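Listed below, chain by chain, are the residues.
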Amino acid sequence: MIITKDNVIEALKKVEDPELLIDVWTLGLIYDMVVQESDVNIKMTFTSPLCPYGPLLVEDMKRKLADIGVKQTHVEIVFEPPWQPNEEVKEMLGLP
């Protein structure tokens, strides 16, 4: 199977934040992604620098990507810019 950006996005939509119950793609935690053959490089953030589920999210992402044939997933965690929910996510979370 050829790994495409769309395949990767679909896999990331299956990785749910256990606290917010929304996937990492919809939350906007993925800032950048590069697919190179069977490897994927991801630049992402967490909802906060102290997110207790950060390591769990990264491991779940790697598992879901391996399920679609990704050989290596490299994840860079960044906190600049800080995560800000978009209007759709604010509505989902009941925020003003």
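Counting restarts for each chain: residues are numbered from 1 in the order of the written sequence. With pLDDT at 70 or above as the cut-off, local features in this predicted model cover only qualifying residues; side-chain atom pairs require 80 or more to be listed or tallied, and sums for whole chains, interfaces and linings still use all residues. Hydrogens and water molecules were not included; the side-chain quantities draw on all heavy atoms of the structure.

Colleague: What exactly am I supposed to notice about the overall build of the protein here?
Modeller: Here a helix means four or more residues in a row that DSSP labels H or I, a strand means two or more in a row labelled E, and each is numbered from the N terminus. In terms of helices and strands, the protein carries four helices and three strands. Each helix and strand of the protein, ordered N terminal to C terminal, gives the series α-α-β-β-α-β-α. A compact globule built from 96 residues would reach a C-alpha radius of gyration of about 12 Å, and the protein, at 13 Å, matches this within 12%. Each principal axis of the C-alpha atoms in the protein carries an extent, and together these give about 45 × 20 × 20 Å. Exposed residues in this analysis have more than 50% of their type's maximum accessible area, buried residues have under 20%, and partly exposed residues fall in between, with area computed by a 1.4 Å probe over protein chains only. Per-residue burial for the protein yields a buried fraction of 34% across its 96 residues. A separation of at least 24 residues holds for 63% of the contacts in the protein among residues at least 6 apart in sequence. Surface accessibility in these figures is a Shrake-Rupley result with a 1.4 Å probe; residues are shielded only by whichever protein chains are displayed. Accessible surface, the protein: about 6000 Å² in total, of which carbon and sulfur atoms supply 52%. Under the counting rule used here, the positive set is Lys and Arg, the negative set is Asp and Glu, and His together with the chain ends is not counted. For charged residues, the charge sits on one atom: NZ in Lys, CZ in Arg, CG in Asp, CD in Glu. Of the side chains in the protein, 9 bear a positive and 17 a negative charge, and the two mean positions are spaced by 4 Å. Throughout, the radius of gyration refers to the C-alpha atoms, and the reference size of a globule is 2.2 Å times the residue count to the power 0.38. Any pair of residues with heavy atoms lying within 4.5 Å of one another is described as a contacting pair.

Colleague: Could you clarify how one ought to interpret the nonpolar core in this entry?
Modeller: The tendency in soluble globular proteins is for nonpolar side chains to be buried as a group. Nonpolar cores were defined as sets of buried Ala, Val, Leu, Ile, Met, Phe, Trp, Tyr and Cys residues, with membership established by side-chain atoms within 4.5 Å. The biggest cluster of nonpolar side chains holds 25 residues, and the ones touching the most others in it are Val 8, Leu 12, Val 24, Ile 42, Met 44, Met 61 and Leu 65. Once residues within four sequence positions are removed from consideration, Met 44 is found in contact with Leu 29, Ile 30, Tyr 31, Val 58, Met 61, Val 75, Glu 76, Ile 77 and Val 78.

Colleague: For this particular structure, what's the right way to read the sheet that holds strand 1 (residues 30–36)?
Modeller: Whether parallel or antiparallel, the strands of a sheet pair through hydrogen bonds between backbone atoms. By this definition, two strands are paired if DSSP reports at least two bridges between them. Taken in spatial order, the three strands line up as 1-2-3 in an open sheet, and their pairing is mixed. The open sheet is flanked by strand 1 and strand 3 (72–77), the only strands paired with a single partner. Between one strand axis and the next, the sheet turns by 15 degrees as a mean value, whatever way the strands run. As defined by bridge partners, strand 2 (residues 39–44) adjoins strand 3 across six bridges and the pair is classed as parallel. What sits directly across from Asp 39, in strand 3, is Gln 72. Along the sheet, helix 1 (residues 5–12) contacts strand 1 and strand 2; its crossing angle with strand 1, the most-contacted strand, is approximately 135 degrees. Here an axis means a line fitted to C-alpha atoms, over the contact stretch when the element is a helix, while the angle between two N-to-C directions is reported on a 0 to 180 degree scale. Across the sheet, helix 3 (residues 54–67) is in contact with strand 1, strand 2 and strand 3; its angle to strand 3 comes to roughly 155 degrees.

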